[in-house]
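Coordinates in review
Chain by chain, the residues run as shown.
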Amino acid sequence: MTETTSSAAIAAARKIVIKIGSSTLAKADGTPDIEFMQEFARQCRTLADEGKQIVLVSSGAQVSGLATIHGWARRRDVHYRQALCAIGQVELMNQWRLAFGRQNLHIGQLLLTKEDFEDDHRTLNMRNTIFTLVDEGVVPIINENDSVSFDEIKIGDNDNLSALTAILWSADLLILFSDIDGVYTDNPKTCADARLIEVVPDIPALRAGITIGAENSFGTGGIETKLQAAEKAASYGIPMILANGSRPDSLLLLKSGGLRSTLFIGKENCLLNEIK
């Protein structure tokens, strides 16, 4: 019988998409956590040395923009928001470049929109670019192109973007790092009786049995977008892990079984089929 745990899913995977949310990347004061980025790159190096391939979906452009242009914090006009993302994306990628550079790893940037995933030619080019970068030992870092996105072509959150990326790349595993340990039966911040759900084989049944809260202060998605991402991934047989990325050595702890998490395997997932 195959063990159904997050650590087992990582052990079985070669191609892994990892999403880092804004709440994980930002400090309490809203500025980017540079030390976290450096430590996370070190953990990715460890996995790469074990033969794993990593594609990173990174939020944080707006957070980085606000940290750079302090005077725009109260400006809610959409043009300022898009301009902040244009400024912040440069800062964000520079910090990732420095962090991965310390591990002798190069990075490449892809900024995407919903429209890119709906056009066959663009999809093929995106797929080929990701495969080429990974095959050459470069870590692709993907974000939504918030500076040009509007409602009609906006994915809206990086949870769903990471699921679309995992499907595009034919990944073996999707990991979402957020500011929560996984999916609970209720909000653990307000309900003392909330219980962590460690394995989810049936997402529709899960929806009926939990309380779905709102988004957090830094990110654009709450638990709902994470369930949407899990549904997308599961429909292609890709397991998904939701875990707390703010814990020290979160990626390596997840790999060793030392970090609590929720593993979505889905009814069609191969891990579940092996158990039956």
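Preceding block: the structure.
Below is a summary of the structure that appears in this document. Given the structure is predicted, the values throughout are model-derived calculations rather than measurements.

Contact geometry for helix H7 (residues 120-135) and helix H8 (residues 158-169): axes closest at 10 Å, N-to-C directions at 80 degrees. Put simply, H7 runs roughly perpendicular to H8. Contact with H7, carried on its side by Thr123, Met126, Arg127, Ile130, Phe131 and Val134, involves Thr165, Leu168 and Trp169 of H8 and no other residues of that element. Its residues assigned to classes, the contact of H7 with H8 shows six nonpolar, two polar and one charged.

Here we take up the sheet that holds strand S1 (residues 15-20). Taken in spatial order, the eight strands of this open sheet run S3-S4-S2-S1-S5-S9-S10-S8, and their pairing is mixed. Two strands bound the open sheet, and with one partner strand each, they are strand S3 (107-112) and strand S8 (199-200). Packed onto the sheet, helix H5 (residues 78-101) meets strand S2 (53-58), S3 and strand S4 (139-144) and runs at close to 150 degrees relative to S3.

Moving on, we get to the nonpolar core. Counting residues in each nonpolar core, the largest one holds 39 residues, and the members touching the most others are Val17, Ile130, Ile142, Leu174, Val183, Leu206 and Phe264. Elements that contribute at least two residues to this core include exactly S2, S3, H7, H8, strand S5 (173-178), helix H9 (203-209), helix H10 (223-235) and strand S9 (240-244). If sequence neighbours within four positions are ignored, Ile130 has contacts with Val55, Leu110, Pro140, Ile142, Thr165, Leu168 and Trp169. In this structure, Phe40, Leu47, Leu105 and Ala243 belong to the second largest nonpolar core, which totals 33 residues.

What counts, and at which threshold
- Residues numbered from 1 in each chain as written.
- Predicted model: local features only at pLDDT ≥ 70, side-chain atom pairs only at ≥ 80, totals over all residues.
- Heavy atoms only, no water.
- Axes fitted to C-alpha atoms, helices over the stretch in contact; angles between N-to-C directions.
- Helix = DSSP H or I, 4+ residues; strand = E, 2+ residues; numbered from the N terminus.
- Parallel < 35°, antiparallel > 145°, perpendicular 65-115°, else oblique.
- Contact = heavy atoms within 4.5 Å.
- Nonpolar A, V, L, I, M, F, W, Y, C, P; charged D, E, K, R; others polar.
- Pairing = 2+ DSSP bridges.
- Core = buried A, V, L, I, M, F, W, Y, C linked by side-chain atoms within 4.5 Å.
- Buried < 20%, exposed > 50% of the residue type's maximum accessible area, 1.4 Å probe, protein only.

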